[in-house]
Amino acid sequence: MPTVETVKGPVEVGDLGPTLMHEHVFVLSTEHVQNYGDGSWWDEEARVADAVTKLSALRAKGITTIVDPTVWGIGRYIPRIQRINEQVDLNIIVATGLYAYEELPHQYAYRGPGLLLDVPEPMVTDFGRDIVDGIGSTGVKAAFLKCCVEAYGLTPGVERIARAVARTHVETGAPITVHTSGPAESGRLAVDLFSKEGVDLTKVVIGHAGDSNNLDYLMELADSGATLGMDRFGLDIFNPTAERVRTIAALATSGYADRMVLSHDSSCFIDYFGAAHDAARSAAAPNWHYEYISDDVLPALREAGVTEAQIDQMLVENPRRYFARTGS
Ligand SMILES: [Zn+2]
């Protein structure tokens, strides 16, 4: 049985169980936290304790694995995740890659093939190291790759990141999750680039595909072999739950349950709202929390005609297939 790396070490993919395929523990800017959060809206001990509480409550709902695509750009910091995971019986799968909508970080701008420092693509070197050797000195290995293709499309920076992610996938076999824009239908750009780079599209999740209800667009992506991330439940500002449910039910009826995964894209804390975090979330997105799928979405899917076997396919079988690497 193939294994997948988690924060606590390798786990057999057959043991992952019900899996939420896109949840963050934290979304942070390290500089924002260090300069403006201390003594204000960020209390390390309180936030860690809060995360333990929220993730334990999720585990109590029967979810046994979360897949966390937090990478450089939105505050990946594995020692904090390790500390939390020591106190929660949950598989947490972490990522490598880069989160950028338009521009490359300066740290990669001058290093690379044909650049000022003419070296092999340093992103491929760094991403590969996270997967093969582990992240920093934590001993934790990344199990998948993350990048973004937003409404801005394939800007030079975004394209270079996406190609580096694709090449690391080809070298290591690690699967990919790409953040896309549902309204801009930028999943097409990602699928096109990845297929030209020789990516196995059955190892790609088109993140946030579920923000779209355009069945033609979604079926086109799924027909490439890619998996649709129906992964923002509770974010009604992007697409209301009733619409998300209707779209999933229609796709399941058309035979696409084997190419959809479920999640919230939620977090214990996201620093976009600063001190107004709790108030902003409860006002704008009260259902945007880890337990919404278990409590409300699964009953709504059943009500809409999605079968128990199809739910199992989306929550258990598809994640297992995504992380099963040949030879691992
Ligand atoms: Zn996300």
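These lines cover the structure that appears in this document, whether it is placed above or below. These numbers come from a predicted model, not from an experiment.

Rules used in this analysis
- Residue numbers run consecutively from 1 along every chain, following the written order of its sequence.
- It should be noted that, the model being predicted, local features are given only for residues of pLDDT at least 70 and side-chain atom pairs only at 80 or more, the latter also being counted only at that level, while totals for whole chains, interfaces and linings use all residues.
- With hydrogens and water set aside, each side-chain value is computed from the structure's full complement of heavy atoms.
- What makes a salt bridge here is a side-chain nitrogen of Lys or Arg within 4 Å of a carboxyl oxygen of Asp or Glu, nothing more.
- Counting from the N terminus, the helices are DSSP H or I runs at least four residues long and the strands are E runs at least two residues long.
- Each residue is placed in one exposure class: buried if its accessible area under a 1.4 Å probe, protein chains only, is under 20% of its type's maximum, exposed if it is over 50%, and partly exposed if it falls in between.
- Coordination partners: N, O, S within 2.8 Å of the metal, 3.2 Å for Na, K and Ca; water not considered, so apparent gaps in a site are possible.
- Note on contacts: a residue pair is in contact if any heavy atoms of the two residues lie within 4.5 Å.
- All axes here are fitted lines through C-alpha atoms, helices being fitted over the stretch that makes contact, and every angle between N-to-C directions spans 0 to 180 degrees.
- The scheme is simple: roughly parallel for angles under 35 degrees, roughly antiparallel for over 145, roughly perpendicular for 65 to 115, oblique for anything else.
- By convention the crossing between two helices is left-handed if the near helix lies anticlockwise of the far one by an angle smaller than a right angle, and right-handed if it lies clockwise.
- Residue polarity is assigned by list, with Asp, Glu, Lys and Arg as charged and Ala, Val, Leu, Ile, Met, Phe, Trp, Tyr, Cys and Pro as nonpolar; anything else, Gly included, falls into the polar class.
- DSSP-based pairing: two strands are paired if at least 2 bridges between them are found.

1. As for the pattern of salt bridges
Opposite charge on two side chains makes pairing possible when the charged atoms of those side chains draw close. Per the stated rule, a full pass over the model turns up 22 salt bridges. Among the salt bridges present, the one from R160 reaches E121, with a minimum N-O distance of 2.8 Å. Of the two residues, R160 is situated in helix α6 (residues 156-172) and E121 in the loop between α4 (106-109) and α5 (122-132); the sequence distance between them amounts to 39 residues. Taking the relative accessible area as the measure of exposure, R160 reaches 18% and is therefore buried. The exposure class of E121 is buried, given its relative accessible area of 14%. In this structure, R320 and E317 form a salt bridge, with 3.1 Å as the shortest nitrogen-oxygen distance. Remark: E317 and R320 occur in helix α12 (residues 308-323); sequence separation between them is 3 residues, near one turn of the helix. Taking relative accessible area as the criterion, R320 reaches 25% and is therefore assigned partly exposed. When its relative accessible area of 30% is taken as the criterion, E317 is described as partly exposed. Among the charged side chains, a network of salt bridges with common partners joins E159, R163, R167 and E197.

2. Notes on the coordination of the zinc ion
Bound to the zinc ion are the protein donor atoms H22 (NE2), H24 (NE2) and D265 (OD), situated 2.1 to 2.2 Å from the metal. Linear spacing of the donor residues for the zinc ion on their chain is H-x1-H-x240-D. Here D265 lies in the loop between β11 (260-262) and β12 (269-270) and H22 lies in the loop between β3 (19-20) and β4 (26-27), a separation of 243 residues in the sequence. The same class applies to H22 as to D265, namely buried.

3. Looking at the environment of F238
By the element assignment, F238 lies in the loop between β10 (227-230) and α9 (241-253). Exposure remark for F238: the relative accessible area of 45% places this residue in the partly exposed category. When the C-alpha atoms of F238 and A46 are compared, they prove to be 30 Å apart, with 192 residues separating the residues in sequence. If we skip the residues at most four places from it in the chain, F238 touches D211, R232 and R244.

4. Here we look at the packing of helix α2 (residues 44-60) against helix α3 (residues 78-85)
With their axes 9 Å apart at the nearest point, α2 and α3 run at an angle of 50 degrees to one another. In terms of axis orientation, α2 runs oblique to α3. Remark: the crossing between α2 and α3 carries right-handed chirality. Judged by residue contacts, E44, E45, V48, A51, V52 and L55 of α2 engage R80, R83 and I84 from α3. Classifying every residue of the contact of α2 with α3 by side-chain character gives 5 nonpolar, no polar and 4 charged.

5. Describing the sheet that holds β3
Sheet architecture is open: 8 strands sit in the order β3-β5-β6-β7-β8-β9-β10-β11, paired in parallel fashion. The sheet terminates laterally at β3 and β11, the two strands that pair on one side only. Of the pairings in the sheet, the one linking strand β8 (residues 176-180) to strand β9 (residues 204-207) comprises 4 bridges and is parallel in character. Bridge pairing in β9 links I176 to V204.

6. Quick word on the packing of α5 against α6
At a minimum axis distance of 9 Å, the contact between α5 and α6 shows a crossing angle of 45 degrees. With respect to α6, the axis of α5 lies oblique. Once α5 is placed against α6, the crossing between them reads as right-handed. Residue-level contacts link P122, M123, V124, F127, G128, I131 and V132 of α5 to R160, I161, A164, V165, R167, T168, E171 and T172 of α6.

7. Here's the deal with unusual backbone geometry
Peptide bonds are trans in most cases, and residues, glycine excluded, mostly fall at negative phi. Positive phi outside glycine occurs at E185, with the angle close to 55 degrees. Mapped onto the fold, E185 is located in the loop between β8 and α7 (187-196).

By themselves, these observations are geometric and do not establish any function.
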